[in-house]
There are 2 protein chains.
Amino acid sequence: MTLTEEVARKKRISESTIHRLSLYFRALSLLEKEDYETVSSKELAKREKLTPAQVRKDLSFFGSFGTRGLGYPVQELKKRISAILGIDRTWRVALIGIGNIGSALVSYKEFMKQGFNIVKLFDNDQRKIGSNHKGIVVSDINNLAEEIREANIQVVIIAVPATVAQYVVDDIVAAGVKAILNFAPLNLRVPDDVYIRNENMSMELEYLSFAMVNNHTPKKVR
Amino acid sequence: MTLTEEVARKKRISESTIHRLSLYFRALSLLEKEDYETVSSKELAKREKLTPAQVRKDLSFFGSFGTRGLGYPVQELKKRISAILGIDRTWRVALIGIGNIGSALVSYKEFMKQGFNIVKLFDNDQRKIGSNHKGIVVSDINNLAEEIREANIQVVIIAVPATVAQYVVDDIVAAGVKAILNFAPLNLRVPDDVYIRNENMSMELEYLSFAMVNNHTPKKVR
DNA sequence: ATCGTTTTGTGAACCATTTCACATTTCTCA
DNA sequence: TGAGAAATGTGAAATGGTTCACAAAACGAT
Ligand SMILES: NC(=O)c1ccc[n+]([C@@H]2O[C@H](COP(=O)([O-])OP(=O)(O)OC[C@H]3O[C@@H](n4cnc5c(N)ncnc54)[C@H](O)[C@@H]3O)[C@@H](O)[C@H]2O)c1
Ligand SMILES: NC(=O)c1ccc[n+]([C@@H]2O[C@H](COP(=O)([O-])OP(=O)(O)OC[C@H]3O[C@@H](n4cnc5c(N)ncnc54)[C@H](O)[C@@H]3O)[C@@H](O)[C@H]2O)c1
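If you're wondering where the values come from, they're calculated on a predicted model, not measured in any experiment.

Draft legend 1. Examining the protein's contact with DNA strand C more closely. The environment of DNA strand C is made up of 26 residues, and the closest members are S41(A), R56(A), Y72(A), S14(B) and R68(B). The separation between a phosphate oxygen of DNA strand C and a polar main-chain atom of F65(A) is 3.1 Å. A distance of 3.2 Å separates a phosphate oxygen of DNA strand C from a polar atom in the side chain of T51(B). Those elements giving two or more residues to the surface near DNA strand C turn out to be helix 4 (52-60) of chain A together with helix 2 (15-33) and helix 4 (52-60) of chain B. By residue number, the principal contributor to the surface near DNA strand C is helix 4 of chain B, which donates 4 residues. Looking at the surface near DNA strand C residue by residue, the classes come out as 4 nonpolar, 14 polar and 8 charged.

In structure tokens:
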């Protein structure tokens with residue numbers, strides 16, 4: 001068990017903290033490009049609309065990375081956070097459903113930059129199977145289990161219609177995949193040892209709608 | 001001021017509660033299709049991986065919609081929630097940046113179903129301006145302010161490269177738009193009276209990565 | 001070397017959200 | 001009509017997350 005792992009278990013790092021690590025990582029990437037050597041919790045907070053105390057507390061869960069009076073070393077902190085998030089490596093990703101959203105995702109370069117390499121595509125449409133997207137040939141969903149295992153896939157992105165998503169997930173789980181990012185708007189059943197996250201775009205639009213109709217003044221904006 | 005508005009102000013409804021209303025709405029739509037007349041907080045909770053107490057508490061912020069011993073009337077509750085969320089009406093939406101993700105979003109039927117009608121498209125690429133997507137002709141970004149006002153746009157979706165997103169947002173804000181959904185991976189500056197939400201896909205992948213590397217056992221899964 | 005300034009790291013206090021637990025209501029069936 | 005079962009609605013307790021406030025550390029200027 002790594003140190004980070006130990007910490008995460010003991011202190012029960014919250015989902016919000018993890019999400020904010022993503023924000024810090026993004027801000028640090030920019031600061032690095034802008035040739036900053038160090039950055040204070042104040043500046044980091046300002047850039048992501050958070051509070052300095054929040055930044056320091058989040059980081060303190062994982063160690064003590066800063067220098068009092070100076071701030072945090074940009075490059076070093078960025079490396080540390082990427083290690084904590086597990087994006088200091090590459091993950092082998094498969095994408096299932098090469099339709100509207102699937103095709104967009106294949107072309108999304110940010111994923112690759114953060115270590116998520118899409119190396120397999122699957123669909124069940126004969127017109128799509130065999131076609132080439134960004135150098136990857138679309139495989140037949142019927143060969144899912146076999147090809148997932150052969151290609152050593154660790155993460156699967158689901159971009160199929162909601163009506164078939166549960167069947168597809170069942171197959172993915174059976175093939176041994178433990179991490180799933182789901183774009184279909186429904187709650188998928190998976191065993192306890194499989195991590196699944198949902199990307200639900202309607203939710204954010206509905207939040208905007210609620211805010212407008214109710215004149216909502218939330219304590220915090222994400 | 002509506003009743004709902006009053007409630008939202010006084011009790012300071014949390015972001016999590018609002019997000020869960022979206023989940024309830026989704027579950028109720030399905031229950032309606034399955035011809036359920038009523039549903040208990042227990043069943044609703046099970047379908048969205050929440051607790052019955054959570055469901056009841058959330059709903060109780062807005063009124064008392066159920067019948068003891070019976071549960072909640074499916075159709076009625078669905079209507080109530082859509083009124084609370086402000087999706088019992090249509091919103092006029094413009095989409096800016098008709099690239100990979102933009103094109104996918106234009107074709108996404110769920111938005112329309114929930115009252116978000118994409119009625120305007122903008123881009124700055126001459127090859128795209130004038131082209132037709134799902135019956136909508138792409139406008140020149142240079143006419144943004146004028147056309148946004150003319151078309152009475154209330155919500156804007158941003159799908160342009162991160163490098164230009166701030167400029168685009170500034171123009172949108174100047175045109176009087178008060179609600180923005182942003183897909184570019186950066187924190188955009190907007191005045192306090194403008195609602196902005198970010199859709200950040202890397203965040204969820206990074207969460208999965210963190211979970212795998214750290215053997216994370218969160219209290220709650222979204 | 002010392003002083004004033006800056007900024008981290010972190011318990012403790014505070015605040016928000018979730019869960020508990022139960023009185024209350026309604027329904028069903030005898 | 002009454003008894004038992006089901007399930008809501010909601011204060012109160014428990015838990016979890018954020019902010020405060022300050023001691024400690026490091027730096028730069030003199
Ligand atoms: N389009 C969007 O912008 C958008 C946004 C958010 C969420 N989503 C969700 O993403 C999913 C896909 O949406 P879309 O607009 O890309 O739809 P789409 O119809 O364009 O694409 C779906 C793809 O899945 C393939 N497919 C169907 N059944 C399959 C199966 N059993 N195995 C493998 N592949 C199969 C189809 O051949 C098609 O290529 C839907 O669940 C949708 O709700 C879409
Ligand atoms: N592709 C994805 O799956 C994906 C996923 C998540 C987020 N995003 C984000 O969404 C944004 C768009 O990504 P994409 O992959 O669709 O890129 P893209 O390059 O395919 O599309 C961008 C579009 O914006 C247009 N554009 C550029 N400058 C403009 C301007 N000043 N005014 C109006 N239009 C302008 C371009 O002509 C192009 O059509 C990026 O910020 C990206 O990070 C993309």
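Draft legend 2. Geometry of the sheet that holds strand 9 (residues 195-198) of chain A. Residue and element names in this part refer to chain A. Strand order in the open sheet formed by 7 strands is 5-6-4-3-7-8-9, and the pairing between neighbours is mixed. Looking at which strands have only one partner, the edges of the open sheet turn out to be strand 5 (132-133) and strand 9. Sheet topology places strand 8 (residues 179-182) next to strand 9; 4 bridges connect them, and they run parallel. By the bridge assignment for strand 9, L181 is matched with R197. Docked against the sheet, helix 9 (residues 162-174) engages strand 3 (91-96), strand 7 (155-158) and strand 8, running at close to 170° with respect to strand 7.

Draft legend 3. Spotlight on the pairing of strand 3 of chain A. Residues and elements named next belong to chain A. Along strand 3, 5 of the 6 residues are buried, which leaves the element largely enclosed by surrounding structure. Pairing analysis gives 4 bridges linking strand 3 to strand 7, with the strands arranged parallel. Counterpart to L95 in the pairing with strand 7 is I157.

Draft legend 4. Looking closely at the site of ligand 1. Around ligand 1 sit 22 residues, and of these N100(A), I101(A), D123(A), K128(A) and V160(A) come closest. Between ligand 1 and G99(A), the relevant distance is 3.5 Å, taken from an oxygen atom to a main-chain nitrogen or oxygen of the residue. Against a free-state accessible area of 820 Å², the protein chains account for coverage of 84% of ligand 1. For the shell around ligand 1, the secondary structure elements donating two or more residues are helix 6 (100-106) and helix 9 of chain A together with helix 6 (100-106) of chain B. Here the residues of the shell around ligand 1 are counted per class, giving 15 nonpolar, 4 polar and 3 charged.

Draft legend 5. Inspection of the site of ligand 2 at higher detail. N100(B), I101(B), D123(B), K128(B) and V160(B) are the nearest of the 22 residues found near ligand 2. More than one chain approaches ligand 2, the contributing ones being chains A and B. The backbone of N100(B) places a nitrogen or oxygen atom 2.9 Å from an oxygen atom of ligand 2. Residue assignment for the shell around ligand 2 shows that the elements contributing at least two residues are helix 6 of chain A together with helix 6 and helix 9 (162-174) of chain B. Here the residues of the shell around ligand 2 sort into 15 nonpolar, 4 polar and 3 charged.

Draft legend 6. The packing of aromatic side chains, seen in detail. Applying the stated criterion across every chain yields a total of 4 aromatic pairs over all chains. With a centroid separation of 4.8 Å and an interplanar angle of 80°, the aromatic rings of Y108(A) and F111(A) are classed as edge-to-face. Take Y108(A): its relative accessible area is 27%, and that puts it in the partly exposed class. With a relative accessible area of 2%, F111(A) lands in the buried category. When the centroid spacing of 6.5 Å and the interplanar angle of 90° are considered together, the rings of F210(A) and F62(B) count as edge-to-face. Remark: F62(B) occurs in the loop between helix 4 and strand 2 (72-73) and F210(A) occurs in helix 10 (residues 201-214); the pair is interchain, linking two chains. Across the ring face of W91(B), the terminal group of R89(B) is positioned such that the distance to the ring centre comes to 3.6 Å. Above the face of the Y207(A) ring, R197(B) is positioned so that its terminal group lies 3.9 Å from the ring centre.

Draft legend 7. Quick look at the interface of chain A and chain B. Taken together, the contact between chain A and chain B spans 68 residues of the former and 68 residues of the latter. Both sides together, the interface formed by chain A and chain B hides about 7,200 Å², and carbon and sulfur atoms give 59% of it. For the chain A face of the interface with chain B, the top three residues by lost area are Y195(A), L205(A) and E206(A), together amounting to 10%. The tally of links from chain A across to chain B stands at 2 salt bridges. Across the salt bridge formed by E204(B) and R197(A), the nearest N and O atoms sit 2.6 Å from each other. Taken together, the connections running from chain A to chain B amount to 24 residue pairs in polar contact (both at pLDDT 80 or more). With 14 residues, the single largest contributor to the side of chain A that touches chain B is helix 10 of chain A.

Thresholds, definitions, all that
- Residues numbered from 1 in each chain as written.
- Chains lettered and ligands numbered in written order.
- Predicted model: local features only at pLDDT ≥ 70, side-chain atom pairs only at ≥ 80, totals over all residues.
- Heavy atoms only, no water.
- Near = heavy atom within 4 Å.
- Polar contact = N/O pair within 3.5 Å; in protein donor to acceptor, adjacent residues only side chain to side chain.
- Helix = DSSP H or I, 4+ residues; strand = E, 2+ residues; numbered from the N terminus.
- Nonpolar A, V, L, I, M, F, W, Y, C, P; charged D, E, K, R; others polar.
- Pairing = 2+ DSSP bridges.
- Contact = heavy atoms within 4.5 Å.
- Axes fitted to C-alpha atoms, helices over the stretch in contact; angles between N-to-C directions.
- Buried < 20%, exposed > 50% of the residue type's maximum accessible area, 1.4 Å probe, protein only.
- Areas by Shrake-Rupley, 256 points an atom, 1.4 Å probe, with all protein chains shown as cover.
- Phe/Tyr/Trp six-rings, centres within 6.5 Å; stacked < 30°, edge-to-face > 60°.
- Lys NZ or Arg CZ within 6 Å of the ring centre and 35° of its normal.
- Buried area = accessible area lost by both parts, 1.4 Å probe.
- Salt bridge = Lys/Arg side-chain N within 4 Å of Asp/Glu carboxyl O.

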